Amino acid sequence: MATAQQDTLLSSYHALCSVRSPWESWWDTLRHYVLPSRLQEADGVADGEASPHTLRDTTAVEACQKLASGHMSYMTPGSELWFKWASADPQAGDEVNSWYNRCSEIANRELALSNFYTELHECFLDRVGLGTGSLYCGSSRSGRLMFRHIPCGRFVCAENDEGVVDTYMREFSFTPHQAVSKFGLNHLGPHARTLVQQTRREHSASLRFLHIVRPRPHRNPRSNSARHMPWQSIYYSLDDNCTVEESGYREMPYMVTRFLKWGDSPYGLAPARLVYPDIRQAQFLNRILDMLGEVAAFPRILELANQVGEVDLRAGGRTLISPDSASLGFPREWATQGRYDVGMDRLRQKQDAINRAFFIPMLELWNEGASRMTAAEVYARENERVMLFSPSFTLFACDFRPFMERIFAQLFRMGKLPKPPMAALQTNRRGEHSVAEPHVIYQGRIAMVMRRIQGEGMERMLLRLQNMLNLQPDLADHVDLDAAFRLSARLDGVPEQILRPEHRVTSLRHEQAQAAEQAAAQAAGEPTAAAPPPTPDAGPAPALFADTLPAAVPQALQPSMPVL
């Protein structure tokens, strides 16, 4: 890379760091009160700020942990099929959706075999506690998906005109041994090679690198070279001021998820920031209540000057006093009349406000309260509380969509997914065939509650239709019951292997009708004739890729090419 290009690269990084700098002070503050485990050992604690050793109230810490766990349990549960891919074309047909659903089941198994859920939980902690989380998706040398959580504050990013993160830069450190494993010795700079040769420092020294991913300004779409992929990838050594690797990605490998949007910034708003005064007040009130409790247990004693050393404060202790001291009422308790109950009421108000900001009442409804309510009450409260969380969930789905497309493309290139039917292919302007980008349908508890309105509307419509059929039987012609049943089953997350393909259902109905006709003919004593075979329209077998078609799949779904 030329010197001018290096200067431009570093200038862009420093410019994005200056955009991020106003957020860094807030992130440091929130780490003290919400995510003390994220504090670095080198971080100093400002006067008046909390630290892991001086926190008096852990309501915000516990609320952050609970909401992050709620993300895992009710949005992306590892033990359930929490998402399904489907065709973006509503007219694609059942065969295509069935193939996408099989791909979804394979992807869920692959995610469970990888480190996805471990790294995703760390990402959710940052999303909840600091407002912004980030995750990387790649592949390991063993041929499996590999994920890595990028801590908030270790990266900078920028959005394009559509509000999608398209520029990502992160600074990280490698030991010399890790740098050689990643880039190779010949690609490192002189300082790094010197440290590699020093055996004692091979695993202890630290080398700083910068990874830049951004849209490639100029490329040849027909080339399979890594230098012509849509996303440019540059690894830059900050110690040697040189590029150690330049390649590319077919999809953006980094995902940035925000809890709530904050203006035009690419970084998100954390719930703790909305109730920051309550968090500070809870710390103060807890400190005061601790003091009142200590005073109540060990009261202050007012004694005469000549009684110093004579008052026995031990349990069962005896103190001898003179008649004059007794007449004056010494020794006696002093300044122990604080209102502990008032302080507790104020503390509970602050803690309730913190818990509401972290949506703890929604989680408690599922964990405890549901057993004491009727189903109608549970549904009503779920609808009410989940709708309050819907802005954050909708933003999560929007941020996660490119990441899910990345996972889909990665698994396809690895050969983990079955061959798609011809109906799943689309043709571009150059006449090349490719698989259309899938639409993501989330199956977690929160997503199911948000889609319940659609399912409840369909059920109400069918009940209304059933009541009106007695008045006008031909009203049933307005409803495709087969489509309604298959849609409701998929909305409820039914495994795809339970549903027969539509062509198989058509064939079964044809066979049943044929058997009924033969039985009727035999009962009437008429000769039976062999029924003609089903027409191709009744149920063609799914068309798969021909042996020559995979070579025609464009570079968007071909494996990544190494850097030459």
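Here's what I pulled together on the structure shown here. All of these numbers come straight from a predicted model, not from anything done at the bench. (Residues numbered from 1 in each chain as written. Predicted model: local features only at pLDDT ≥ 70, side-chain atom pairs only at ≥ 80, totals over all residues. Heavy atoms only, no water.)

### Quick look at unusual backbone geometry
To be explicit about the condition: Only DSSP runs of H or I covering at least 4 residues are called helices, and only runs of E covering at least 2 are called strands; the numbering of each starts at the N terminus. Whether a residue is buried, partly exposed or exposed follows from its accessible area with a 1.4 Å probe, protein chains only, as a fraction of its type maximum: under 20%, in between, or over 50%, in that order.
One non-glycine residue with positive phi stands out, namely Asn 241, at about 50 degrees. Residue position: Asn 241 is located in the loop between strand S7 (231-237) and strand S8 (242-249). A relative accessible area of 45% places Asn 241 in the partly exposed class. Here Phe 359, not a glycine, exhibits a phi torsion of approximately 60 degrees, which is positive. Examined against the element boundaries, Phe 359 turns out to sit in the loop between helix H10 (340-357) and helix H11 (360-367).

### Description of the packing of helix H2 (residues 59-74) against H10
The cut-off we apply is this: Simply put, an axis is a line fit to the C-alpha atoms, just over the touching stretch for a helix, and the angle between two N-to-C directions goes from 0 to 180 degrees. Orientation labels follow simple angle bins: below 35 degrees gives roughly parallel, above 145 gives roughly antiparallel, 65 to 115 gives roughly perpendicular, and whatever is left gives oblique. Note on convention: near helix rotated counterclockwise from far helix by under a right angle means a left-handed crossing. Clockwise means right-handed. Pairs of residues are marked as contacts when any of their non-hydrogen atoms sit within 4.5 Å. Residues are grouped as follows: Ala, Val, Leu, Ile, Met, Phe, Trp, Tyr, Cys and Pro are nonpolar; Asp, Glu, Lys and Arg are charged; all remaining types, including Gly, are polar.
Contact pair H2 / H10: the axes reach a minimum separation of 9 Å and the direction vectors enclose 25 degrees. Comparing the axis directions of H2 and H10 gives the class roughly parallel. The two elements H2 and H10 cross, and the hand of that crossing is right-handed. Only Gln 351, Ile 354 and Asn 355 of H10 make contact with H2, whose side of the interface consists of Thr 59, Ala 60 and Ala 63. Per-class residue counts for the contact of H2 with H10 are three nonpolar, three polar and no charged.

### Remarks on the pairing of strand S14 (residues 439-442)
How we decide: Being paired, for any two strands, means DSSP has found at least two bridges between them.
A one-sided burial pattern is seen for S14, the buried positions being Val 440 and Tyr 442 and the unburied ones His 439 and Ile 441. As judged from the four bridges shared by strand S1 (residues 83-86) and S14, these two strands associate in the antiparallel manner. Across the sheet, residue Phe 83 finds its bridge partner in S14, namely Tyr 442.

### A word on the environment of Leu 120
Within the secondary structure, Leu 120 is located in helix H4 (residues 116-129). Residue classification places Leu 120 among the buried residues on the basis of a relative accessible area of 0%. Distance from Leu 120 to Gly 133, taken between C-alpha atoms, is 9.1 Å for residues 13 residues apart in sequence. With sequence-adjacent residues up to four places away left out, Leu 120 is seen in contact with Met 72, Thr 76, Leu 135 and Phe 400.

### A look at the nonpolar core
Heads up, the rule is: Here the nonpolar core consists of buried residues drawn from Ala, Val, Leu, Ile, Met, Phe, Trp, Tyr and Cys, with membership extended through side-chain atoms lying within 4.5 Å.
Counting residues in each nonpolar core, the largest one holds 118 residues, and the members touching the most others are Trp 85, Phe 116, Phe 358, Phe 400, Ile 407 and Tyr 442. Per element, the largest residue contribution to this core is 11 residues, and it comes from helix H12 (residues 375-414). The residues contacting Phe 400, other than those within four sequence positions of it, are Trp 82, Phe 116, Leu 120, Met 255 and Tyr 442.

### Observations regarding the pattern of salt bridges
So the rule is basically this: Here a salt bridge means any side-chain nitrogen of Lys or Arg lying within 4 Å of a carboxyl oxygen belonging to Asp or Glu.
If you walk through the whole model with that rule in mind, you get 19 salt bridges. Glu 171 is paired through a salt bridge with Arg 208; the nearest N and O atoms lie 3.3 Å apart. Of this pair, Glu 171 sits in strand S5 (residues 165-174) while Arg 208 sits in strand S6 (residues 207-215); the two residues are 37 residues apart in sequence, bridging distant segments of the chain. A relative accessible area of 35% places Arg 208 in the partly exposed class. Of the charged contacts in the structure, one is a salt bridge between Asp 278 and Lys 350, with a shortest N-O distance of 3.8 Å. Linking Asp 278 in helix H8 (residues 276-297) with Lys 350 in helix H10, this pair joins segments that are 72 residues apart in sequence. Neither Asp 278 nor Lys 350 differs from the other in exposure class; each is buried. Through salt bridges with shared partners, a single ionic network connects Glu 159, Arg 258, Lys 261 and Asp 399.

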